[in-house]
Amino acid sequence: MINTDSTDGNIIMASEIQVSHDLTLSALGCAFHHPTGALMVADLHIGYEATLEDEGFAMPRFQSKEMLSRLAKAIDRFDPALLVVDGDLKHNFDRNLTAEWNDVEKFVDEISKRCKLVVLKGNHDNYLATILSRRGLHIKKEVVLGNIKIAHGHETAEPWKGGMVLAHEHPAIRLIEMTGASVKIPCFLLDHEANRLVLPAFSPFAIGSDVIGTPDDERMIPLLSETGIKDYVAYGFTQGEILNYRSVGALRSLGGI
């Protein structure tokens, strides 16, 4: 583990980075809030494969199993008091597909054996409450834990007095090789001054948009489209390692990575 409260531009690789006294970012794709014992993930999009099948595209169903495996490792590592799913637990907007229903129930059952589960509503979760009610869970719009407010972010237009944890953006970084080939990896975005964190998509199918190349006025969180993200440090991760990069503004001035 690397402890770092500064961002001097040096790239550091580790399985996790403690970016402040309160917060650790993990290459498993989750963040841990030490004061409250909250493990935080977002944008799982359970049922993505089923939605594609419903539209006529066939693909193997392995996403839920892979995500549960990663979460088991994260729970083993951090021993959280609760897991907060920060929106978009399921994928389909307009109904509950049978495969989604089954996979969400399995997810809830498996996590509930290990810790308390809190589910926040994302823009994809229009019909999720029906599934969760079968397990005695109630979906929430947002939650305040200690000094942080956690919300999906699709409706977040105003800052909050304390720290904020958002999702929805599916932030990613595009890595470009000398040959010109490129690959996109998910990343956390953290504004140290504003105490504001954007979680990556936990789904392996939903890596998202390049934060360097995408203009700020195209950000999906209303607050970020207003403030921009140039002061956010991008922490990319891949293959079990998290990389501490420079701020998005610095990376843009360099023309990328």
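Structure first, text after, so check above.
Summarise the overall build of the chain; cite the residues concerned and give the values.
Scanning the chain from N- to C-terminus turns up 6 helices and 17 strands. Among the 257 residues that make up the chain, the fraction classed as buried is 52%. In the chain, 64% of the contacts between residues at least 6 apart in sequence involve partners at least 24 apart. Split by element, the accessible area of the chain, about 11,600 Å² in all, is 50% carbon and sulfur.

Tell me about the environment of Val-143, residues and numbers included.
As for its position among the elements, Val-143 is in strand E9 (residues 142-145). Overall, Val-143 belongs to the buried group, its relative accessible area being 15%. Each C-alpha atom of the pair Val-143 and Asp-86 lies 9.5 Å from the other, and the pair is 57 residues apart in sequence. The contact partners of Val-143, leaving out residues within four places of it in the chain, are Leu-120, Ile-148, Lys-149 and Ile-150.

An account of the pairing of strand E8 (residues 116-120) is needed here, citing residue identities and associated values.
Within E8, 4 of the 5 residues are buried, which leaves it mostly tucked inside the rest of the structure. Note that strand E7 (residues 82-86) and E8 share 5 bridges and pair parallel. Paired with Leu-82 across the bridge in E8 is Lys-116.

Any chance you could break down unusual backbone geometry for me, citing the residues and the numbers?
Even without glycine at this site, Asp-88 takes up a positive phi of about 55°. Residue placement: Asp-88 occurs in the loop between E7 and helix H3 (98-112). Phi is positive for His-168, close to 75°, though the residue is something other than glycine. Tracing the backbone shows His-168 in the loop between strand E11 (163-166) and strand E12 (171-176). When its relative accessible area of 9% is taken as the criterion, His-168 is described as buried.

So what's going on with the pairing of E11? Residues and values would help.
Judged by which residues are buried, E11 turns out to be covered on both faces: Gly-163 and Val-165 on one side and Met-164 and Leu-166 on the other are all buried. Bridging between strand E10 (residues 148-151) and E11 involves 3 bridges; their strand directions are parallel. For Ile-150, the partnering residue across the bridge sits in E11 and is Val-165. Where E11 meets strand E14 (residues 196-198), 3 bridges bridge the pair, whose relative direction is parallel. Within the sheet, the bridge partner assigned to Val-165 lies in E14 and is Leu-197.

Pulling in residues and values, what's your account of the pattern of salt bridges?
All chains considered together, the criterion is met by 13 salt bridges. Taking the shortest distance from any N to any O, the salt bridge between Glu-66 and Arg-70 comes out at 2.8 Å. Within this pair, Glu-66 and its partner Arg-70 are both found in helix H2 (residues 63-78), separated by 4 residues, close to a single helical turn. The residue Glu-110 makes a salt bridge to Lys-113 at a minimum N-O spacing of 3.3 Å. The class for Glu-110 is partly exposed, based on a relative accessible area of 33%. A relative accessible area of 61% means that Lys-113 is categorised as exposed.

Any chance you could break down the layout of surface pockets for me, citing the residues and the numbers?
The probe, sized like a water molecule, is rolled over the atoms to show the empty space still left. By volume, the largest pocket is sized at about 250 Å³. Lining the largest pocket are 16 residues, and of these Ala-27, Glu-66, Arg-70, Pro-186 and Phe-237 sit closest to its centre. Looking at the lining of the largest pocket, the elements with two or more residues in it are H2 and strand E16 (233-238). Grouping the amino acids of the lining of the largest pocket by side-chain chemistry returns 9 nonpolar, 5 polar and 2 charged.

Rules used throughout
- Each chain carries its own residue numbering, running from 1 in the direction its sequence is written.
- Totals for whole chains, interfaces and linings use all residues, but because this is a predicted model, local features are given only for residues with pLDDT of at least 70 and pairs of side-chain atoms are given and counted only at 80 or more.
- The side-chain values count all of the structure's non-hydrogen atoms but skip hydrogen atoms and water molecules.
- Strands are runs of DSSP state E lasting at least two residues, helices are runs of H or I lasting at least four, and both sets are numbered from the N terminus onward.
- For the exposure calls, accessible area comes from a 1.4 Å probe over protein chains only, and a residue counts as buried if that area is under 20% of its type's maximum, exposed if over 50%, partly exposed in between.
- Any two residues whose heavy atoms approach within 4.5 Å at even a single point are treated as in contact.
- With residues, only the protein chains shown are counted as cover, and all accessible areas are computed by Shrake-Rupley using a 1.4 Å probe.
- Pairing between strands requires that DSSP locate at least two bridges from one strand to the other.
- Whenever a carboxyl oxygen of Asp or Glu lies within 4 Å of a side-chain nitrogen of Lys or Arg, that contact is scored as a salt bridge.
- The way it works is a 1 Å grid over only the protein atoms, where trapped points that fit a 1.4 Å probe form a cavity and open points with protein on both sides within 12 Å along at least five of seven lines form a pocket, and then any residue with an atom within 4 Å of a point lines it.
- Grid points are joined across faces, edges and corners, and a volume is the space filled by probe spheres set on the points.
- Only Asp, Glu, Lys and Arg are considered charged in this grouping, and only Ala, Val, Leu, Ile, Met, Phe, Trp, Tyr, Cys and Pro are considered nonpolar; every other residue, Gly among them, is considered polar.

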